[in-house]
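# Coordinate inspection notes
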Amino acid sequence: MKKLSLKEINLPVTIFKEGKSYVAYSPALDLSTCASTYKKAQTNFSEIMEIFIEELIEMGTLDVVLRELGWQKVKSNWQPPVVVSNYFQPMNLSYA
């Protein structure tokens, strides 16, 4: 099995409120989870992220999936897509 070298990465995660739930989402992994509290959403996201990466490694598809998600390999380290901005986009929503 190929040895995985670990490097700490600051992964962008957004937590938003949906009804009574808190949703944690990272576009860099296209991964989300939810919980009844903000803190539990953070904890759940950390857990699901670890499981996601472990499964990709086990299946041998880590490189392929990260590339498809826009990650770049710099030397031997993976770098997530850079968040340039988060903003609120005004929109009109009409319904009948």
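Before reading on, note that the structure itself is shown above.
Computed from a predicted model, the values in this text were never measured in an experiment. (Residues numbered from 1 in each chain as written. Predicted model: local features only at pLDDT ≥ 70, side-chain atom pairs only at ≥ 80, totals over all residues. Heavy atoms only, no water.)

## Describing the overall build of the chain
Note the following rule: Each helix is a run of H or I in the DSSP string that is no shorter than four residues. Each strand is a run of E no shorter than two, and both are numbered from the N terminus. Computation of the radius of gyration draws on C-alpha atoms, with the globule rule given as 2.2 Å multiplied by the number of residues to the power 0.38. Whether a residue is buried, partly exposed or exposed follows from its accessible area with a 1.4 Å probe, protein chains only, as a fraction of its type maximum: under 20%, in between, or over 50%, in that order. Whether two residues are in contact is decided by their heavy atoms: any pair within 4.5 Å suffices. Each accessible area value is a Shrake-Rupley result obtained with a 1.4 Å probe; residue values ignore everything except the protein chains displayed when judging cover.
Across its full length, the chain holds two helices and five strands. Listed by position from the N terminus, the elements making up the chain come as β-β-β-α-α-β-β. Relative to the globule expectation of 12 Å for 96 residues, the C-alpha radius of gyration of the chain, 16 Å, shows a markedly less compact shape. Going through the 96 residues of the chain one by one, you find that 20% of them count as buried. A fraction of 27% describes how many contacts in the chain between residues 6 or more apart in sequence connect residues 24 or more apart. When the accessible surface of the chain is split by element, carbon and sulfur atoms take 55% of a total near 7,900 Å².

## Some points on the nonpolar core
Where a protein is soluble and globular, its nonpolar side chains tend to be buried together. The condition is simple: Working definition of a nonpolar core: buried Ala, Val, Leu, Ile, Met, Phe, Trp, Tyr and Cys residues. They are joined through side-chain atoms within 4.5 Å.
Of all hydrophobic cores here, the largest spans 14 residues; its most connected members are L11, L29, F45, L66 and W71. Sorting the residues of this core by element identifies β3 (31-35), α1 (38-59) and α2 (62-68) as the ones contributing at least two each. Once residues within four sequence positions are removed from consideration, L11 is found in contact with S26, A28, L29, F45, M49, W71 and P80.

## So, the packing of aromatic side chains
Defined as follows: Any pair of Phe, Tyr and Trp rings, taking the six-membered ring for Trp, is counted once the centres come within 6.5 Å. Such a pair is stacked with planes under 30 degrees apart, edge-to-face with planes over 60 apart, and tilted for the rest.
Applying the stated criterion to the full structure yields one aromatic pair. Centroid distance Y22 to Y38: 6.3 Å. Interplanar angle 85°. Geometry classified as edge-to-face. Taken together, the residues Y22 in strand β2 (residues 21-26) and Y38 in helix α1 connect sequence positions 16 residues apart. Since its relative accessible area comes to 22%, Y22 is described here as partly exposed. The partly exposed category is assigned to Y38, whose relative accessible area is 44%.

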